[in-house]
Amino acid sequence: MIKKIFTSLYLFAGLLIFAGCGQGTTQPTIPDNVNDDLELVEEETKDEQREVVEVDVSDPVEQQKLPFSKMKVHYIDVGQADATLIEYSQGEEAFAVLIDTGDWNSTEVVSYLQDQNITDIDIVAVTHPHADHIGQLDKIINTFNVAEVWMNGETSESQVFAQSLAVIEDNNVDYYEPEVGDVFDIGPLELAVLHPQSLAGDTNNNSLAIRLQYGDVSFLFTGDSEEDAESEMLSRGANLQADILQVGHHGSKTSTTDRFLNAVKPDIAIYSASVDNQYGHPHIETINRLKKSGALVYGTDAHGTVIVETDGETFNVQTNNQGTIKHTPPEIETEVAPTPEPKKEVQPVSSGTCVDINSASEAEIQRIIHIGPARSQDLIQLRPYQSVDDLSKIKGIGPARIADILAQGIACIGG
Amino acid sequence: MYSAYLDRFTDNEKALLLVEELQKEFHVDISTIPSSSAPGTWFLVEIQGDEITSFQIDEGKTAEMKQEVNDRLHRLKSKKNSRFKRS
């Protein structure tokens with residue numbers, strides 16, 4: 001493994017490359033060494049430094065032979081709405097696919113696509129007709145050269161929906177309603193449709209679910225699907241495995257069940273939600289389920305636009321902001337905010353005092369190396385510990401990290 | 001009076017209304033909207049500040065929009081096509 005750490009003025013604060021975890025349902029769990037790198041990034045993002053950590057786990061010679069060009073999947077920061085841009089090329093041909101189109105009373109998606117120099121879009125897939133998903137479809141069709149639009153076949157009587165249909169029709173854009181089992185080849189990208197079988201559910205549970213396969217790397221999108229839709233997909237035996245999961249319904253507790261996560265086995269989970277939204281998204285229950293599953297969680301509220309870049313074999317995650325995901329609903333978070341002093345939590349090594357791993361507060365235990373905000377709750381849940389070595393019970397803490405923790409010397413048992 | 005559209009009920013038990021003319025959304029308690037309304041219903045509403053103070057179901061607009069959308073979707077569905085579908 002080659003490890004390069006350097007400081008730069010890059011816009012993006014964190015960058016991390018994973019080994020692609022393969023196709024099918026036999027994806028291995030992330031090895032300890034990759035987890036080490038995950039934590040490294042987590043720690044970097046806590047610092048107010050613009051550092052880029054790059055971990056290259058693949059053989060550079062082999063990389064040159066790969067037939068896949070770089071693909072970028074942009075989980076665009078569109079507030080309390082969804083929009084994901086997938087862009088890649090094959091030879092001279094550029095491809096762009098957009099899944100959902102942001103909120104209705106905004107132009108953020110249009111601006112973002114323009115900033116990315118997008119001119120042509122092969123497919124715009126709208127997961128369902130709620131205004132926070134179909135929002136800017138009409139503006140997008142009016143601004144870019146859109147080849148085809150997908151919907152789930154459900155209607156809405158909203159102005160934004162009616163206007164979208166009018167613009168599709170007036171511009172002679174192809175219209176399609178993909179069905180479960182359909183597979184599409186958009187250049188080198190394979191796209192499978194997993195849901196809905198019928199429109200028997202409510203609007204959220206009728207969301208289109210789409211799985212992308214790009215070489216060895218897979219992505220899953222389920223719109224606002226909730227438990228009912230997830231159960232249906234599981235009972236149909238759909239291949240849900242995905243390295244990167246877009247968390248359903250903005251991180252609502254009504255989605256992302258343990259059973260569903262067991263089938264997806266994501267390394268990375270990304271939700272889209274606005275800061276201090278009305279719904280308390282993402283719900284703490286969902287974040288906890290994701291953490292328990294071993295996924296590294298990103299959110300557009302905390303991290304801004306999140307970009308996953310892949311060559312079909314490895315992938316890396318770039319974030320716009322150095323965010324920390326809130327683990328409580330916004331209103332409670334606001335009330336308790338004055339008590340902890342986050343800046344002090346990240347003090348490095350030399351503070352001196354012993355941190356009792358059986359009694360220290362969540363803030364205190366984050367002074368321990370490798371214990372960031374994402375892992376401190378796990379540490380508390382797994383109490384009590386007989387020795388510092390017992391911290392290996394925490395997911396992602398392997399022997400290498402235990403050695404670092406012992407070397408740091410501030411973690412202790414008892415008074 | 002403004003036209004308002006009930007886009008969805010949310011997972012925190014509110015009704016989300018869109019008011020195109022103001023480009024604004026309003027979250028209201030489900031109990032405050034007429035009991036016969038459902039997602040897809042259009043209303044005439046009065047707005048004071050950031051609050052909707054009265055609701056009246058606009059059956060005419062609801063039916064008109066439903067008809068327009070169904071007609072358009074019917075035409076689009078009749079020639080649906082994807083150039084990317086694996087045959």
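Note that the coordinates shown come from a computational prediction; the quantities given were computed from them, not determined experimentally. (Residues numbered from 1 in each chain as written. Chains lettered and ligands numbered in written order. Predicted model: local features only at pLDDT ≥ 70, side-chain atom pairs only at ≥ 80, totals over all residues. Heavy atoms only, no water.)

Engineer: Is there a simple way to think about the overall build of chain B in this case?
Structural biologist: Assigned secondary structure in chain B consists of one helix and five strands. If you list the helices and strands of chain B from N to C, you get β-β-β-β-β-α. Taking 12 Å as the expected radius of gyration for a compact globule of 87 residues, we find that chain B reaches 16 Å, considerably beyond that expectation. By its C-alpha atoms, chain B is 55 × 30 × 25 Å across when sized along the principal axes. Here chain B has roughly 5000 Å² of accessible surface; of this, 45% comes from carbon and sulfur atoms. Between the averaged position of the 13 positive side-chain charges in chain B and that of its 15 negative side-chain charges there is a distance of 18 Å. (Helix = DSSP H or I, 4+ residues; strand = E, 2+ residues; numbered from the N terminus. Rg over C-alpha atoms; globule rule 2.2 N^0.38 Å. Areas by Shrake-Rupley, 256 points an atom, 1.4 Å probe, with all protein chains shown as cover. Lys, Arg positive; Asp, Glu negative; His and termini not counted. Charge placed at Lys NZ, Arg CZ, Asp CG, Glu CD.)

Engineer: How do you make sense of the interface of chain B and chain A when you look at a structure like this?
Structural biologist: Bring the parts together and some accessible area is lost; that lost area is often taken as the interface size. Each side of the interface is counted separately: chain B has 34 residues, and chain A has 42 residues. Of the roughly 3700 Å² buried where chain B meets chain A, counting both sides, 52% is carbon and sulfur surface. The three residues of chain B that bury the most area against chain A are Asp 11, Phe 84 and Arg 86 of chain B, which together make up 20% of that side's buried surface. The interface formed by chain B and chain A includes 11 salt bridges. One salt bridge connects Glu 169 of chain A with Arg 75 of chain B, and the closest N-O pair in it is separated by 2.5 Å. Connecting chain B to chain A are 27 residue pairs in polar contact (both at pLDDT 80 or more). For the side of chain B that touches chain A, the secondary structure elements donating two or more residues are β1 (2–9), β2 (14–19), β3 (24–29) and α1 (59–78) of chain B. (Contact = heavy atoms within 4.5 Å. Buried area = accessible area lost by both parts, 1.4 Å probe. Salt bridge = Lys/Arg side-chain N within 4 Å of Asp/Glu carboxyl O. Polar contact = N/O pair within 3.5 Å; in protein donor to acceptor, adjacent residues only side chain to side chain.)

Engineer: Would you mind showing me how to read the confidence of the model for chain A here?
Structural biologist: Low pLDDT marks regions whose predicted coordinates should not be analysed in detail. Per-residue pLDDT for chain A averages 81, and the proportion of residues at 70 or more is 76%. Here residues 1–14 of chain A is modelled with pLDDT under 50, and outside its nearest four sequence neighbours on either side it reaches 37 contacts, counting other chains as well. (pLDDT = per-residue confidence, 0-100.)

Engineer: I keep staring at the packing of aromatic side chains and nothing clicks. Help me out?
Structural biologist: Two aromatic rings are characterised by how far apart their centres lie and by the angle between their planes. Under the counting rule described, the total for this entry stands at eight aromatic pairs over all chains. With a centroid separation of 5.9 Å and 15° between ring planes, the pair formed by Tyr 75 of chain A and Phe 221 of chain A is classed as stacked. Within this pair, whereas Tyr 75 of chain A is found in strand β4 (residues 71–75), its partner Phe 221 of chain A is found in strand β13 (residues 217–221), the two being separated by 146 residues in sequence. Residues Tyr 75 of chain A and Phe 221 of chain A agree in their burial class; the two are buried. Members of the aromatic cluster, joined through ring pairs, are Phe 68, Tyr 88, Phe 95 and Tyr 214 of chain A. Between Lys 61 of chain B and the ring centre of Trp 42 of chain B, over which it is positioned, the NZ or CZ distance is 4.3 Å. (Phe/Tyr/Trp six-rings, centres within 6.5 Å; stacked < 30°, edge-to-face > 60°. Buried < 20%, exposed > 50% of the residue type's maximum accessible area, 1.4 Å probe, protein only. Lys NZ or Arg CZ within 6 Å of the ring centre and 35° of its normal.)

Engineer: Sorry, what's going on with the nonpolar core here?
Structural biologist: It is characteristic of soluble globular proteins that their nonpolar side chains tend to be buried jointly. Residue and element names in this part refer to chain A. Counting residues in each nonpolar core, the largest one holds 43 residues, and the members touching the most others are Ile 140, Met 151 and Ile 168. Here this core gets six residues from one element, more than from any other, and that element is helix α6 (residues 159–170). Ile 99, Leu 189, Ile 210 and Ile 270 belong to the second largest nonpolar core, which has 34 residues in total. (Core = buried A, V, L, I, M, F, W, Y, C linked by side-chain atoms within 4.5 Å.)

Engineer: What am I meant to see in the sheet that holds strand β4 (residues 42–48) of chain B here?
Structural biologist: Working definition: the strands of a sheet are paired by backbone hydrogen bonds and lie parallel or antiparallel to each other. All names here are of chain B. Here five strands make up an open sheet; going across it, the order is β3-β2-β1-β4-β5 and the pairing antiparallel. Edge positions in the sheet fall to β3 and β5 (51–57), since each of these pairs with one other strand and no more. The mean inter-strand angle of the sheet, taken between neighbouring strand axes irrespective of direction, is 40°. (Pairing = 2+ DSSP bridges. Axes fitted to C-alpha atoms, helices over the stretch in contact; angles between N-to-C directions.)

Engineer: Looking at this structure, how should I read the pattern of salt bridges?
Structural biologist: Think of it this way: side chains of opposite charge can pair up when their charged atoms draw near. By the definition in use, this model includes 17 salt bridges over all chains. Arg 86 of chain B serves as the salt-bridge partner of Glu 190 of chain A, at 3.1 Å between the closest nitrogen and oxygen. Within this pair, whereas Glu 190 of chain A is found in strand β11 (residues 189–195), its partner Arg 86 of chain B is found in the segment after α1, the two belonging to separate chains. You can call Glu 190 of chain A partly exposed: its relative accessible area is 30%. A salt bridge links Arg 8 of chain B to Asp 7 of chain B, with the nearest nitrogen and oxygen atoms 2.5 Å apart. Here Arg 8 of chain B falls in the buried class, since its relative accessible area comes to 8%.

Engineer: Hey, could you run me through the sheet that holds strand β15 (residues 268–271) of chain A in this one?
Structural biologist: Residues and elements named next belong to chain A. Pairing within the open sheet is mixed, and its seven strands lie in the order β10-β11-β12-β13-β14-β15-β16. A single partner strand is all that each edge strand has here, and the edge strands are β10 (183–186) and β16 (296–299). Each adjacent strand pair in this sheet contributes to an overall mean axis angle of 20°, direction not counted. Two elements, strand β12 (residues 209–214) and β13, share five bridges in a ladder whose sense is antiparallel. Paired with Ile 210 across the strands is Phe 221, a residue of β13.

Engineer: Sorry if this is basic, but what is going on with the confidence of the model for chain B here?
Structural biologist: Scored by pLDDT, chain B comes out at a mean of 95, with 100% of its residues at no less than 70. Interface confidence for the predicted complex, expressed as ipTM, amounts to 0.97; the pTM equals 0.73.

Engineer: Would you mind going over the side chain of Thr 222 of chain A with me for this structure?
Structural biologist: Relative to the helices and strands, Thr 222 of chain A resides in the loop between β13 and α7 (227–235). What Thr 222 of chain A contacts, discounting residues up to four positions off in sequence, is Ser 207, Leu 208, Ala 209, Met 233, Gln 246, Gly 248 and Phe 260 of chain A.

Engineer: How should the pairing of strand β17 (residues 306–310) of chain A be read in this particular structure?
Structural biologist: Regular strands place their side chains on alternate faces of the sheet. All names here are of chain A. Here β17 lies mainly inside the structure; five of its five residues are buried. Side chains of β17 alternate between two faces, with Val 306, Val 308 and Thr 310 and Ile 307 and Glu 309 buried alike. Where β17 meets strand β18 (residues 314–319), five bridges bridge the pair, whose relative direction is antiparallel. Bridged to Val 306 within β18 is Thr 319.

Engineer: What is the right way to look at the packing of α6 of chain A against α1 of chain B in this model?
Structural biologist: Each pair of packed helices can be summarised by the angle the axes make with each other and by the distance between the axes. Two elements in contact, α6 of chain A and α1 of chain B, have axes separated by 10 Å at closest approach and are oriented at 35°. Seen from above, α6 of chain A lies across α1 of chain B with left-handed handedness. Contact residues: Gln 159, Phe 161, Ala 162, Leu 165, Ala 166, Ile 168, Glu 169 and Asp 170 of chain A in α6 of chain A; Met 65, Glu 68, Val 69, Arg 72, Leu 73, Arg 75 and Leu 76 of chain B in α1 of chain B. The residue inventory of the contact of α6 of chain A with α1 of chain B, partitioned by class, reads nine nonpolar, one polar and five charged. (Left-handed = near helix turned anticlockwise from the far one by under 90°. Nonpolar A, V, L, I, M, F, W, Y, C, P; charged D, E, K, R; others polar.)

Engineer: Please explain the environment of Ser 218 of chain A as it appears in this structure.
Structural biologist: All names here are of chain A. Here Ser 218 lies in strand β13. As for Ser 218 and Gly 312, which are separated by 94 residues in sequence, their C-alpha atoms are 8.7 Å apart. Non-local contacts of Ser 218, meaning those with residues more than four positions away in its chain, are made with Arg 211, Leu 212, Gln 213, Gln 241, Ala 242, Asp 243 and Ile 244. A polar contact is formed between the side chain of Ser 218 and the side chain of Gln 241, at a distance of 3.4 Å.

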